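Summary of structural features
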Amino acid sequence: MSKEKAVIGVIGCGKKACSAHIPALEKLENVNLKYLSDINTQRLRELKEKYPQCETFADYREMFSCADLDGVVICTHTNLHCKIAKEFLLRGVDVFTEKPVAMNYEEALETARIARENGRVFDAGVCLRFASSLEKVRNIVQSGEIGNVYHVSCRFRFSKSIPGAGSDYTKKSKSGGGVLIDLGVHNFDAIDYCLGGVKWQSAFGKCISSPLMASGENSKAGYVTESEIKSDVEDYAFGIAQSDSGISLSFEGSWAQNIGDEEKYIDFLGDKGAIRFNYYRGYTLWGKGGEKLKECENCYDGKMYENELQSFADDILKRRFDSRNAVENVLSSAQLIDMIYASSGK
């Protein structure tokens, strides 16, 4: 008899897990959210009050003895993603890890290999693949309505988005990088998904740590800025890339620009038209000559985290290994980011 509910544990119950992953898991009918782990004991006590049905652990390794555990959702700092994933995969537990999957492309490949050899599910937190708005954009691109796509341009420029200057988010040994790996990964993966898979042939980029990073200015609300700021990641990045099919890419991203107007969009330019994805909310479609054909200001249903975790639960229960966010299907962005960092000397 097949199980009706997947028993899930969450490892790393910080800001994102508490605002997105845990509430989403709670809503799913085929999930039994049973275990929570975080090194912050005060946070664990608060979570226990909010989710009394859950067992809590200050050390995630205590979950190794939970015989009914089917899968874990890993929301720690990036440097621990693959370390923890491997430990559970080798113990026969399925894994979902928040983006970025790994510190680099090779680490992601190695962990994916372990999952495959042990017959385990290994999914990635690429939530835009489950946004209803991006799905509409993908359908238009794939239908050929804008013709052959020859160039993609994306912008992820923010003014106050440093996730705590001096914190582990801004230390390469913990996070893997700055704005490029933090926000670029979402954009590059969305591009890969809409185009049906991209193999990047070459890339050039420049990653800059501006004086704003060193000063602690323009930090993101809700994140702690350390009194002594020691950061070695970029808060600004730009570059270009070329795919093996001839599609080119240009991008620009910032955590901390002194421009109050944020830019967050992806433009797909085709020989019959173009479409702009207005970062997770909606899109604008143009025809030949720049004629605006359609504009959807808000066609996002607000369920991307719920949808991606529903997919993870379905993968566990149905033993499905090729969902849209299976790690081996989303490695294009990791490879591109590695190429950009290498070209920038990072």
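Predicted, not measured: the structure shown is a model, and the values here were computed from it. (Residues numbered from 1 in each chain as written. Predicted model: local features only at pLDDT ≥ 70, side-chain atom pairs only at ≥ 80, totals over all residues. Heavy atoms only, no water.)

Before going further, it helps to examine unusual backbone geometry. Put simply, Lys 99 and Pro 100 share a cis peptide bond, and its omega is -20°. With respect to the secondary-structure elements, Pro 100 resides in the loop between strand 5 (94-98) and helix 4 (105-117). Its identity as a non-glycine residue notwithstanding, Tyr 280 has a phi of 65°, on the positive side. The topology assignment puts Tyr 280 in the loop between strand 12 (274-278) and strand 13 (282-286). The partly exposed category is assigned to Tyr 280, whose relative accessible area is 30%. In this structure, Arg 319 is a non-glycine residue whose phi angle is positive, near 50°. (Helix = DSSP H or I, 4+ residues; strand = E, 2+ residues; numbered from the N terminus. Buried < 20%, exposed > 50% of the residue type's maximum accessible area, 1.4 Å probe, protein only.)

For the rest of this paragraph, the subject is the packing of helix 4 against helix 10 (residues 331-343). Between helix 4 and helix 10, the shortest axis-to-axis distance is 8 Å and the interhelical angle comes to 150°. In this view, helix 4 runs roughly antiparallel relative to helix 10, as classed from their interaxial angle. Between helix 4 and helix 10, the residues in contact are Tyr 105, Glu 106, Ala 108 and Leu 109 and Leu 331, Ala 334, Gln 335 and Asp 338, respectively. Partitioning the contact of helix 4 with helix 10 into residue classes produces five nonpolar, one polar and two charged. (Axes fitted to C-alpha atoms, helices over the stretch in contact; angles between N-to-C directions. Parallel < 35°, antiparallel > 145°, perpendicular 65-115°, else oblique. Contact = heavy atoms within 4.5 Å. Nonpolar A, V, L, I, M, F, W, Y, C, P; charged D, E, K, R; others polar.)

Strands sit in the order 8-9-10-7-11-12-13-14 across an open sheet of eight strands; the sheet is mixed. The sheet is open, and its two borders are formed by strand 8 (200-208) and strand 14 (292-296), each paired with just one other strand. Going from strand to strand, the sheet's axes swing by 10° on average, the running direction of each strand aside. As paired elements, strand 7 (residues 149-157) and strand 11 (residues 263-270) share eight bridges and run antiparallel to each other. (Pairing = 2+ DSSP bridges.)

This next bit is on the environment of Phe 277. Among the secondary structure elements, Phe 277 is positioned in strand 12. In the structure, Phe 277 is positioned 13 residues away from Lys 264 in sequence and 8.7 Å away in space, judged by C-alpha atoms. If near-sequence neighbours (up to four positions away) are discounted, Phe 277 is found in contact with Leu 128, Ser 133, Leu 134, Val 137, Lys 264, Tyr 265, Ile 266, Gly 282 and Tyr 283.

Attention now moves to the pairing of strand 10 (residues 248-254). With respect to burial, strand 10 is a largely interior element, seven of its seven residues being buried. Here strand 10 shows a buried face lined by Ser 248, Ser 250, Glu 252 and Ser 254 and a second buried face lined by Leu 249, Phe 251 and Gly 253. Taken together, the seven bridges between strand 7 and strand 10 define a ladder with parallel strand orientation. Bridging from a neighbouring strand, Ser 153 pairs with Ser 250 of strand 10. Where strand 9 (residues 236-243) meets strand 10, seven bridges bridge the pair, whose relative direction is antiparallel. Each bridged residue has a counterpart across the sheet, and for Tyr 236 the counterpart in strand 10 is Ser 254. Here strand 9 folds back onto strand 10 in antiparallel fashion, the turn holding four residues, of which Gly 246 has a positive phi close to 100°.

For the rest of this paragraph, the subject is the sheet that holds strand 3 (residues 55-57). In spatial order, the strands read 3-2-1-4-5-6; together these six strands make up an open sheet with parallel pairing. The sheet is open, and its two borders are formed by strand 3 and strand 6 (122-125), each paired with just one other strand. Between one strand axis and the next, the sheet turns by 25° as a mean value, whatever way the strands run. With four bridges connecting them, strand 4 (residues 71-74) and strand 5 associate as parallel partners. Note on strand 5: the bridge partner recorded for Val 73 is Phe 96. Lying on the sheet, helix 2 (residues 41-50) is in contact with strand 2 (31-37) and strand 3; it crosses strand 3 at an angle near 175°.

What follows deals with a nonpolar patch on the surface. On the surface, a cluster of nonpolar side chains totalling about 350 Å² of accessible area is made up of Phe 204, Ile 208, Phe 238 and Ile 240. The set of elements that each furnish at least two residues to the nonpolar patch consists of strand 8 and strand 9. Its place among the elements puts Ile 240 in strand 9. (Patch = residues over 30% accessible without salt bridge, like charges linked within 9 Å, V, L, I, M, F, W, Y side chains within 5 Å. Areas by Shrake-Rupley, 256 points an atom, 1.4 Å probe, with all protein chains shown as cover. Salt bridge = Lys/Arg side-chain N within 4 Å of Asp/Glu carboxyl O.)

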